[in-house]
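An overview of the molecular structure
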Amino acid sequence: MTDSWKPRSFVIAGGTVLTPDGPREVDVHVADGVITSLSSDTPPEGTRTVDARGTYVLPGAIDVHVHSRDPGFPQKEDFGTLTEAAAAGGVTTVIDMPNTVPAVDAAGVLESKAALARSKARVDFGMWALLRSGTTAEELESLADAGAVGFKAYLGYAFSLTRKQVLYSPGLDDPDLETPPDYGTLARLAPVIARLGLPLAIHAEDPGILSAFRRPLETYSDLLAARPPEAEAVAIAAAAEIAGASSVRMHVAHLSSAPGLAAAKEAIRAGAPLSLETCPQYLWLSEEDFPRAGTAMKMFPPIRSAADRDALVDGLAQGVIGLVATDHAPHTDEEKAASFDEAPAGSPGVQTLYVSCLELARRIGDVWLAARWVSEAPAALVGLQETKGTIAPGYDADLVIVDPGKRTLVRPEAMRSRQRHGALDGMDFGFSVREVYLRGAAIWRDGRRVGGATGRMVRPARLGSALP
Ligand code: DOR
Ligand code: ZN
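The structure reproduced in this document is the subject of the present report. Note that the structure is a prediction, hence the values are computed from the model and not measured.

Along the chain, the regular secondary structure elements total 14 helices and 21 strands. Computed over the C-alpha atoms, the radius of gyration of the chain is 21 Å, within 12% of the 23 Å expected from 2.2 N^0.38 for a compact globule of 468 residues. Along the first, second and third principal axes, the C-alpha atoms of the chain reach 70 × 55 × 45 Å. Counting all 468 residues of the chain, 62% fall into the buried class. A separation threshold of at least 6 residues defines the contact pool for the chain, and within that pool the share at least 24 residues apart is 75%. Put simply, the chain has 46 plus and 59 minus side-chain charges, and the middle of one group is 4 Å from the middle of the other.

On to the environment of Asp78. Relative to the helices and strands, Asp78 is located in the loop between β8 (61-66) and α1 (79-88). In sequence terms Asp78 and Leu116 are 38 residues apart; their C-alpha atoms lie 9.7 Å from each other. Excluding residues that lie within four positions of it along the chain, Asp78 makes contacts with Ser68, Asp70, Lys120 and Arg418. Within the local environment of Asp78, its side chain forms a polar contact with the backbone nitrogen of Gly80, the two atoms lying 2.7 Å apart. Separated by 2.9 Å, the side chain of Asp78 and the backbone nitrogen of Thr81 make a polar contact.

A few words now on the sheet that holds strand β19 (residues 432-438). The strand order β3-β2-β7-β16-β19-β20-β21 describes an open sheet built from seven strands, whose pairing is mixed. The open sheet has two edge strands with one neighbour each: β3 (22-25) and β21 (448-449). Note: strand β20 (residues 441-445) against β21, two bridges, orientation antiparallel. Bridge pairing links Arg445 to Arg448 in β21. In the packing of α1 onto the sheet, the strands contacted are β19, β20 and β21, and the crossing angle to β20 comes to about 85°.

Further remarks concern the nonpolar core. By size, the foremost hydrophobic cluster in this structure holds 113 residues, and its most contacted members are Val94, Phe151, Leu200, Ile202, Met250, Leu274 and Trp373. Apart from the residues within four sequence positions on either side, Phe151 is in contact with Trp128, Ala129, Leu131, Leu140, Leu143, Ala144, Ile193, Leu196, Leu198, Pro199, Leu200 and Ala201. Ile95, Phe159, Leu161 and Val382 belong to the second largest nonpolar core, which has 20 residues in total.

Here we take up the packing of aromatic side chains. One pass over the full model with this rule turns up eight aromatic pairs. Between Phe79 and Phe125 the ring centres are 5.9 Å apart and the planes differ by 55°, which places this aromatic pair in the tilted class. With Phe79 in helix α1 and Phe125 in strand β10 (residues 124-130), this pair connects stretches of sequence that are 46 residues apart. The two residues Phe79 and Phe125 agree in class, both being buried. Measuring from centroid to centroid gives 6.0 Å for Tyr220 and Phe340, while their planes differ by 50°, and the two rings are tilted. Of the two residues, Tyr220 is situated in helix α6 (residues 220-226) and Phe340 in the loop between α12 (333-336) and α13 (353-364); the sequence distance between them amounts to 120 residues. Pair check on accessibility: Tyr220 and Phe340 agree, each one buried. Ring-pair connections join several aromatic residues into one group, and the members of that group are Tyr56, Trp368 and Phe431.

Thresholds, definitions, all that
Residue positions are given per chain, counted from 1 along the sequence in the order it is written. The naming scheme follows written order: chains are lettered A onward, ligands numbered 1 onward. Per-residue local features are limited, in this predicted model, to residues with pLDDT of at least 70; the limit for side-chain atom pairs, both in listing and counting, is 80 or more; totals at the level of whole chains, interfaces and linings are taken over all residues. In computing side-chain values, all of the structure's heavy atoms are included and hydrogens and water are not. Elements are defined by DSSP. Helices are runs of H or I of four residues or more, strands are runs of E of two residues or more, and each kind is numbered from the N terminus. In this treatment the radius of gyration is a C-alpha quantity, and the globule benchmark scales as 2.2 Å times the residue count to the 0.38 power. Think of it in three bands: residues with accessible area under 20% of the maximum for their type are buried, residues over 50% are exposed, and the middle band is partly exposed, with areas taken using a 1.4 Å probe on protein chains only. Only heavy atoms matter for contacts: two residues are in contact if any of them lie within 4.5 Å across the pair. Positive: Lys, Arg. Negative: Asp, Glu. His and the chain ends are not part of the count. A single reference atom marks each charge: NZ on Lys, CZ on Arg, CG on Asp, CD on Glu. Here a polar contact is taken to be a pair of N or O atoms separated by no more than 3.5 Å, where protein atoms must pair a possible hydrogen donor with a possible acceptor and residues adjacent in sequence count only if both atoms sit in side chains. Note on pairing: DSSP must find at least two bridges between two strands before they are called paired. Between N-to-C directions, angles cover 0 to 180 degrees, with each direction set by a line fitted to C-alpha atoms, over the stretch in contact for helices. What we call a nonpolar core is a set of buried Ala, Val, Leu, Ile, Met, Phe, Trp, Tyr and Cys residues that are connected through their side-chain atoms within 4.5 Å. Aromatic contacts are taken between Phe, Tyr and Trp rings whose centres are within 6.5 Å, Trp giving its six-membered ring; a plane angle under 30 degrees counts as stacked, one over 60 as edge-to-face, and the others as tilted.

Laid out in structure tokens, this is it:
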């Protein structure tokens, strides 16, 4: 037998490994892409050993909120550049949002997008499907059968599928703009999604409040006034009622405000099945950063006050906010160089998810919390809890070796996304990603990508659509 017939096995030795029982100095044994054991036993002679002394060995991150732009806007990003940036940051699974073109609102679209992604992806990927105004129960069922991890409803005017894919401030009546589904549509479809066993994610900004506060966006204050926190709180409260009534797992994407968090806490206290996500930019930045960050900070919902930021950090520290994702939403560097009003909303971020969360978790007092936010909790949200998000025997060997002694300075030249700008530009985090493994194969090592497009589509564990 030649070497290539042997199972691909190796040991990551000497690191501090985040195990289900907490951090342990133990070796991680891998064979055929899967973790086989955690032990300090000497491996069979000839087993390849990765020296991880002095490092942390963490589960690969699952970023449940990215925008690949593929198909539709490859000049902004595609699955190749998206997943190279992901690999560089220790993100071994990305879950892509459905506002690509054509929108992922039918099984056939999801299937062809998955085939396209498969040809380019360097990390594993999953797909959100779009819940639109006219979506039917049958469409949801066939999207679930095609492998959607869940559904996304954009309540708050957040994109158009033509032109630059974003709305401009004066344009809520723009015919290109995607009309948000109303609460009636959500209430009608939530029981169907609950029966399918999948989550319903919402962009939580109330469209009525956005319409009422609409204005030209000349300054950063205009953006804050046009998309006030009560728009988030109202949308969350309404969605939570629907979640409570239908038992659908309702997921709030990119929570951005103290009032939004308060509304969510209240709903959770009352028993609503609600999960909360926020993003590094809302945890690290406030309106005060605008002079430094400029249009890289323009996004919907907006980055708000220091008090909002601090409330979100508290919510995360208390465990009310369970997970962190990036809302990696690239537009071209040229588009973002336009005036504040004209610049599209959204910025890249997938590459800095892990290091920014490790730094925040350390400041909160428990560095290992970061893996819960970016790996374990996201796995549970999208039905991957049996294969990913945990370092234990039987799980995919999606592993990240992090150097806790080496800093990462966020700078445009180091970014692997097709775009170089980012809201966290210039920040400095006290960790760096040294090596990354996807199902046992190295995909990133010492600042370089390794291997090819080996990413596969993930499918959620769910109850199935054939229920009575
Ligand atoms: O700022 C945003 N950009 N918010 C969204 O909800 C959509 C996103 C995009 O796709 O560019
Ligand atoms: Zn988004």
